[in-house]
Amino acid sequence: MVDFPSLHSALSLLLSSPVSWWVVIPGLLLGLVGGAMPGVSGSMVMAVVLPMTLYMDFLPAVILLTSIFAGAGFGGAVPAILMKIPGTPSAVATTFDGYPMTGQGRHNEALGLGLMASSLGAAVSLFLLLLLIAPLAWAVLRLGPAEYVVIAFWGLTLIAALREESISRGLLAGVIGVLVGTIGMTDTGFIRGTMGIDLLLDGVPPVPALLGLFVASQLFDAVGQDYIIREAEKRTISLSRILAGMGRTLTYPSLLIRGSLIGIFIGMVPGVGSSVSNLVSYADARRTDPNPETFGKGNPKGVVASEAANSSSEGGSLATLLALGIPGGGMTAIMLSAFAMHNIVGGPRFISDHRDMVYAVVIGALVGVLAMIVVGIPFIYAASRIVKVPMRFLIPSVMTLAIFGAYALTGNAAGPVTLFVFAIVGWFLQRFRFPVVATVVGLMLGQMVEVEMIRSYQISGGDPLYLFERPIALVFLALLIASLALPWWKERRRARARKAGLNAGTQAQ
Amino acid sequence: MSERLKRVLPSLLFTAGLGVACLLYLWDAASLSLSPLNLLLLLPLTLLGVLLCALVIAQDVRAALRDGSARAKKKPPLDWRVPTLMVLVGLFVTATMTIGYFDLVTLCFVAVTLVLLGERRPWVVVIFSAVFTLVVVLGLKQALTFDVSTLLL
């Protein structure tokens, strides 16, 4: 599985080039800050840094970018935990238990849990990548349009099913998100839903819409609050509690490993992986826990499961990038650009002809995520000071950053206007108890889902039985049906148990 | 209309609005073409959406009629600062995209929002707004390759 001569060559290459290691800490810090700031993102930071990498050798350039990638992977969890504002869609599930922990004054512990889970999850996935890059590449090639569609819908049904309060509300929010994601001009030339607005020809810009739905609407909701944490005595910053949270992560080894495996395999799926993997891992952790009702109320396992998966999907997307030359999302697309700038093309040829370079990239990324355990501690110690800042300062600051971030992404009015419109929509959705997260994931996946559905239709010639020729798609379809059926079945069992209890009580009387 | 139904009326109207929006979108798409390449995802998803809207409305009406008025959860009254902040954000976006002058508009937005949200110390409003504007707008000008219109910076 491991080509030891190439591994030896990779280690020699890394150790003979100390300059390659100087970039790790700056890269991690850039990624942490970029990922933590709503309106800025890891891919924006990487885009800004990319031109500088032209003057660097390939190895330090890629190590810098993978360090930013690793930092941003955890960075998004910081606002998710402290303010219920996920920095990226891959941190959505972290809000489910991270933010309640902050409300209970356990923000230090939550950040420590997230940091350790993120670092170890990514480390496990990169280690597996070293061992299994060729089989992983083989597995990705088995995935086709039908599989992408089913995985995307599975992700959406998971979000709906996670909010057991009303699965129909969750599904409706997801459907709305997918429909909004299809607005604009399709690959087949149809222009739909643009209302005559030229800026919508390329569709609704997803990241500004995400910023509006998550960030701005959450800020509107926070208007009545004086501080993130109501009780003054709970607004403490404690290094010992951060370290305790990190230590507590190690008491959930099976959760860490399961989350990492889920993340790496789902993270391999281009375009879908990172948005869905954290939700799958969270749902799995809840399903297998003896006390599932504690999830969503500040259960540390929820944070561990989500962060382990979203960071390990880094390894999965790197596998797809290195082995197939296919980027999984914005950040890996920028890494692909960095490869091209150095005349490197990812793909099976790259792996077979330059395996030592592949191993060097993976080992460099592995060192980066392990370094994040140390670099991340002062970062989250500083970041957790946000709980001491009154909301009247946070709201205009974060709102301005989000609007400028939306402007920076589109370069025109489309970004800020989209953010504003979706901020209003998101506020109403929350007010009427629709899970905004489902709309966000639907929006992120909408365009991709339609494109892949049309591709499947064209490949199959319109034959619906084509699905039965795709066993992997059938497996995910079965999981999708189970995700919907399981909460309904559990509710029926609970209702029967309640009825039996009532009957027993009546008979006793 | 009973009191219980009146309480959930805004939610019912919003949900119905979502259903109508789905249908309008489908109508817009169908008026272009009835080809499967156009409606393959839209048609089943819109129908599902409308069905879910009906289901959510039915659930809300049933819940409203079932819950006694004493037990039913009352939403807290809407804080007047929320719609005001929405208007401010709208004005901020409109002003930056039409007039430009990111520095001046940001300064005004941050200062007015601080006052709206309860900051009463004028020196804090001025200094925080100015420093924040300076850092963020200068940072934006440095980071972006396209023009960021400013008045003073």
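Residues numbered from 1 in each chain as written. Chains lettered and ligands numbered in written order. Predicted model: local features only at pLDDT ≥ 70, side-chain atom pairs only at ≥ 80, totals over all residues. Heavy atoms only, no water.

### Examining the overall build of chain B
Piece 1. Looking only at helices and strands, chain B has six helices and zero strands in total.
Piece 2. Listed by position from the N terminus, the elements making up chain B come as α-α-α-α-α-α.
Piece 3. Taken over C-alpha atoms, the radius of gyration comes to 24 Å for chain B, far larger than the 15 Å a tight globule of 153 residues would show.
Piece 4. Dimensions of chain B, computed from C-alpha atoms along their principal axes, come out at roughly 55 × 55 × 20 Å.
Piece 5. Every one of the 153 residues in chain B was classed for burial, and the buried ones make up 39%.
Piece 6. Expressed as a percentage of contacts within chain B between residues at least 6 apart in sequence, the contacts between residues at least 24 apart total 57%. (Helix = DSSP H or I, 4+ residues; strand = E, 2+ residues; numbered from the N terminus. Rg over C-alpha atoms; globule rule 2.2 N^0.38 Å. Buried < 20%, exposed > 50% of the residue type's maximum accessible area, 1.4 Å probe, protein only. Contact = heavy atoms within 4.5 Å.)

### Here we look at the overall build of chain A
Piece 1. For chain A, the count of helices and strands is 22 helices and two strands.
Piece 2. For chain A, the C-alpha radius of gyration of 23 Å lies close to 23 Å, the compact-globule estimate for 509 residues.
Piece 3. In terms of overall dimensions, chain A has C-alpha extents of about 80 × 65 × 55 Å along its principal axes.
Piece 4. For chain A, the proportion of its 509 residues judged to be buried stands at 60%.

### Remarks on unusual backbone geometry
Piece 1. Phi at A:K84 is positive, roughly 65°, even though this residue is not glycine.
Piece 2. If you trace the backbone, A:K84 turns up in the loop between α6 (77-83) and α7 (92-103).
Piece 3. Of the residues examined, A:K84 reaches a relative accessible area of 34% and is grouped as partly exposed.
Piece 4. Located in the positive-phi region is B:Y101, a residue other than glycine, with phi close to 50°.
Piece 5. With respect to the helices, strands and loops of the structure, B:Y101 is situated in the loop between α4 (81-98) and α5 (102-116).

### Some points on the packing of helix α11 (residues 206-221) of chain A against helix α20 (residues 414-431) of chain A
Residue and element names in this part refer to chain A.
Piece 1. Between α11 and α20, the least distance of the axes is 7 Å, while the angle of their chain directions is 50°. With respect to each other, α11 and α20 are oriented oblique. As α11 runs across α20, the sense of the crossing is right-handed. Between α11, through P208, A209, L211, G212, L213, A216, S217, Q218, F220 and D221, and α20, the contact on the second element is made entirely by G415, T418, L419, F422, A423, I424, V425, G426, W427, L429 and Q430.
Piece 2. A per-class count over the contact of α11 with α20 returns 13 nonpolar, seven polar and one charged. (Axes fitted to C-alpha atoms, helices over the stretch in contact; angles between N-to-C directions. Parallel < 35°, antiparallel > 145°, perpendicular 65-115°, else oblique. Left-handed = near helix turned anticlockwise from the far one by under 90°. Nonpolar A, V, L, I, M, F, W, Y, C, P; charged D, E, K, R; others polar.)

### So, helix α15 (residues 300-324) of chain A
All names here are of chain A.
Piece 1. End to end, α15 covers 36 Å across 25 residues, agreeing with the expected 36 Å (1.5 Å per residue, within 8%).
Piece 2. For α15, the buried fraction is high: 24 of the 25 residues fall into the buried class.
Piece 3. The opening residue of α15 is N299, an N-cap whose side-chain oxygen sits 2.9 Å from the backbone nitrogen of K301.
Piece 4. One or two steps after α15, the chain reaches G325, where phi turns positive at roughly 70°. (Expected span 1.5 Å × (residues − 1). Polar contact = N/O pair within 3.5 Å; in protein donor to acceptor, adjacent residues only side chain to side chain.)

### A closer look at the interface of chain A and chain B
By convention, interface size is frequently given as the accessible area that disappears when the constituent parts associate.
Piece 1. Contacts between the two partners involve 54 residues from chain A, matched on the other side by 61 residues from chain B.
Piece 2. When the two sides are added together, the surface that chain A and chain B hide from each other amounts to roughly 5200 Å², 81% of it contributed by carbon and sulfur.
Piece 3. For the chain A face of the interface with chain B, the top three residues by lost area are A:R392, A:F404 and A:Y407, together amounting to 13%.
Piece 4. Applying the counting criterion to the chain A and chain B interface returns two salt bridges.
Piece 5. Linking chain A with chain B are eight residue pairs in polar contact (both at pLDDT 80 or more), by the criterion used here.
Piece 6. By residue number, the principal contributor to the side of chain A that touches chain B is helix α19 (residues 391-410) of chain A, which donates 13 residues.
Piece 7. Residue classes in the side of chain A that touches chain B are distributed as 36 nonpolar, twelve polar and six charged. (Buried area = accessible area lost by both parts, 1.4 Å probe. Salt bridge = Lys/Arg side-chain N within 4 Å of Asp/Glu carboxyl O.)

### Some thoughts on the environment of A:S277
Piece 1. By the element assignment, A:S277 lies in helix α14 (residues 273-288).
Piece 2. When neighbours within four sequence positions are excluded, A:S277 is seen to be in contact with A:I262, A:G263, A:I266, A:A309, A:N310 and A:S313.

### A word on the nonpolar core
Residues and elements named next belong to chain A.
Piece 1. Judged by nonpolar contacts, the single largest core of 204 residues is most densely connected at V78, F220 and F434.
Piece 2. The biggest single contributor to this core is helix α18 (residues 355-383), with 16 residues.
Piece 3. The contacts of V78, once residues within four sequence positions are left out, are A36, L111, F379, I380 and A383. (Core = buried A, V, L, I, M, F, W, Y, C linked by side-chain atoms within 4.5 Å.)

### Structural notes on helix α6 (residues 122-143) of chain B
The α-helix winds at 3.6 residues per turn, so residues separated by three or four positions along the chain end up facing the same way.
Piece 1. With 22 residues, α6(B) extends 31 Å between its outermost C-alpha atoms, agreeing within 8% with the 32 Å of an ideal straight helix rising 1.5 Å per residue.
Piece 2. Among all positions in α6(B), only B:V124, B:V125, B:S129, B:F132, B:T133, B:V136, B:V137 and B:L140 are buried. Each buried residue of α6(B) lies within a common arc of 140° when the element is viewed along its axis, so the set occupies one face. Facing away from the buried surface of α6(B) by more than 90 degrees, the exposed residues are B:W123, B:V126, B:V135 and B:Q142.
Piece 3. In this structure, the buried residues of α6(B) make contact with α19 of chain A together with α5 of chain B. (Arc of directions from axis to C-beta.)

### Brief notes about the packing of aromatic side chains
Any aromatic ring pair is given by two values, namely how distant the centres are and how the planes are angled relative to each other.
Piece 1. Evaluation of the coordinates by the stated rule reveals 14 aromatic pairs over all chains.
Piece 2. Note on A:F404 and B:F92: the rings are 6.1 Å apart at their centroids and 45° apart in plane angle, and the pair reads as tilted. Taken together, the positions of A:F404 in helix α19 and B:F92 in helix α4 put the pair across two chains.
Piece 3. For B:F92, a relative accessible area of 2% gives the class buried.
Piece 4. By the ring-pair criterion, three or more aromatic residues cluster together here, those being A:F404, A:Y407, B:F92, B:F102 and B:F109.
Piece 5. A cation sits over an aromatic face here: A:R169 above A:F434, 4.9 Å from the ring centre.
Piece 6. Sitting over the ring of A:Y227, A:R235 keeps its end group 3.7 Å from the ring centre. (Phe/Tyr/Trp six-rings, centres within 6.5 Å; stacked < 30°, edge-to-face > 60°. Lys NZ or Arg CZ within 6 Å of the ring centre and 35° of its normal.)

### What about the pattern of salt bridges?
Piece 1. The full count for this structure, using the stated rule, is 13 salt bridges over all chains.
Piece 2. Counted as one network, the salt bridges with shared partners bring together A:R106, A:E109 and A:R248.

### Re the side chain of A:E307
Residue and element names in this part refer to chain A.
Piece 1. Within the secondary structure layout, E307 lies in helix α15.
Piece 2. Overall, the relative accessible area of 0% leaves E307 in the buried class.
Piece 3. Residue contacts for E307: discarding those within four places in its chain leaves G73, F74, A77, T94, G114, A117 and S118.

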